[in-house]
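Notes for the structure review
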Protein chains: 2
Amino acid sequence: MKRSNRQSESARARFARNLKTLRIQLGLSQEALAANAGLHRTYIGSIERAERNVSIDNMEHLATALNVDIIDLLRVQ
Amino acid sequence: MKRSNRQSESARARFARNLKTLRIQLGLSQEALAANAGLHRTYIGSIERAERNVSIDNMEHLATALNVDIIDLLRVQ
DNA sequence: ATGTGACTTAGAGTCCGTT
DNA sequence: AAACGGACTCTAAGTCACA
């Protein structure tokens, strides 16, 4: 998908993509991130595939575990 | 609360406050916003009181109904 | 180390009302 | 117009076995 078309992408899909990008940038496995965020390994995978409708509390837990602001996980990058 | 201390505020609380601020700026009632966002009147009130753990899909619906980006509802302002 | 289907349960979200 | 409560229904949260 072109960057210029990403504006219409759902927030869920953006969150999924950014979460995975940031996790990999930090060299973390889904399992390691799950541990840091206090969530389950398979749940992280499911979020990254944009299958889950994540809540704001878990979004914040994930942002904290990745050491970023929650906004960074929603921004188009 | 001082602006300088708001960084430690939860994302849920920020979302609640910004939602209410933007809704009032547009001169909408909770009922009218609920209709626009396809949600229930009492649920909007509950979110604005930061009692609910809103999902990303509904956050986006609310942002759309307020004609802003979802990020604007999470940013400290 | 991750994807996936299936599952249980906590809580999201609705609908009725009263204050 | 909004807060709040009770009683719902539906879905996100959270886990597991296995590929």
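For the structure given in this document, a descriptive report is provided here. Because the structure is a prediction, the values reported are computed rather than measured. Each chain has its residues counted from 1, following the order in which its sequence is written. Here every chain gets a letter starting at A, and every ligand a number starting at 1, in the order they are written. Given that this is a predicted model, residues contribute local features only at a pLDDT of at least 70 and side-chain atom pairs are listed and counted only at 80 or more, while totals for whole chains, interfaces and linings are drawn from all residues. Think of the side-chain values as coming from all heavy atoms in the structure, minus any hydrogens and water.

Remarks on the overall build of chain A
For the record, the criterion: Secondary structure elements follow DSSP: runs of H or I no shorter than four residues count as helices, runs of E no shorter than two count as strands, and numbering proceeds from the N terminus. Restricting the calculation to C-alpha atoms gives the radius of gyration, and the globule rule supplies 2.2 Å times the number of residues raised to the power 0.38. Exposure classes here rest on a 1.4 Å probe applied to the protein chains alone. A residue is buried below 20% of its type maximum, exposed above 50%, and partly exposed in between. Areas reported as accessible are Shrake-Rupley estimates using a 1.4 Å probe. Residue values count occlusion only from the protein chains shown. By the counting rule applied here, Lys and Arg register as positive and Asp and Glu as negative, while His and the ends of each chain are not counted. Each charge is placed at NZ for Lys, CZ for Arg, CG for Asp and CD for Glu.
For chain A, the helix and strand inventory stands at four helices and zero strands. In chain A, the order of α-helices and β-strands from amino to carboxyl end is α-α-α-α. The C-alpha atoms of chain A give a radius of gyration of 12 Å, which matches the 11 Å a tight globule of 77 residues would have. Dimensions of chain A, computed from the C-alpha atoms along their principal axes, are close to 35 × 25 × 20 Å. Within chain A, the proportion of its 77 residues that are buried is 43%. Of the accessible surface of chain A, which amounts to about 4,000 Å², a share of 45% is contributed by carbon and sulfur atoms. On chain A, the mean spot of the 12 positive side-chain charges and the mean spot of the 8 negative ones are 9 Å from each other.

Concerning the interface of chain B and chain A
Stated precisely, the cut-off is as follows: Whether two residues are in contact is decided by their heavy atoms: any pair within 4.5 Å suffices. Buried area is a sum: the accessible area each of two parts loses on coming together, probed at 1.4 Å, counted once for each and added. Salt bridges are counted wherever a side-chain nitrogen of Lys or Arg sits within 4 Å of a carboxyl oxygen of Asp or Glu.
Each partner contributes residues to the interface: chain B has 19 residues there, and chain A has 19 residues. Of all residues in chain B, Asn53(B), Ile56(B) and Ile71(B) give up the largest surface area on contact with chain A, accounting jointly for 33% of the area buried on that side. Put simply, chain B and chain A have two salt bridges between them. Here Arg12(A) makes a salt bridge to Asp57(B), at a shortest N to O gap of 2.5 Å.

Quick look at the protein's contact with DNA strand D
As a reminder of what qualifies: The near set for a molecule or strand comprises every residue that places at least one heavy atom within 4 Å of it. As used in this structure description, the phrase polar contact means that two N or O atoms lie within 3.5 Å; if the pair is within protein, one of them must be able to donate a hydrogen and the other to accept it, and residues adjacent in sequence are counted only when both atoms belong to side chains. Note on residue categories: nonpolar means Ala, Val, Leu, Ile, Met, Phe, Trp, Tyr, Cys or Pro, charged means Asp, Glu, Lys or Arg, and polar means any other residue, Gly included.
What surrounds DNA strand D is a group of 19 residues, the closest being Tyr43(A), Ser55(A), Arg23(B), Gln30(B) and Arg49(B). Those atoms of DNA strand D that come within 4 Å of the protein belong to sugar or phosphate at a rate of 65%. Between Thr42(A) and DNA strand D, the recorded distance is 3.1 Å, taken from a side-chain N or O atom to a base nitrogen. One nitrogen or oxygen atom from the main chain of Ser55(A) is found 2.8 Å from a phosphate oxygen belonging to DNA strand D. Looking at the surface near DNA strand D residue by residue, the class counts come to three nonpolar, nine polar and seven charged.

Structural notes on helix H4 (residues 56-65) of chain B
At 3.6 residues per turn, the α-helix brings residues three or four places apart onto the same side. Residues and elements named next belong to chain B. With seven of ten residues buried, H4 lies mostly within the body of the structure. Among all positions of H4, only Ile 56, Asp 57, Asn 58, Met 59, Leu 62, Ala 63 and Ala 65 are buried. Positive backbone phi, at 60 degrees, marks Asn 67, one or two positions downstream of H4.

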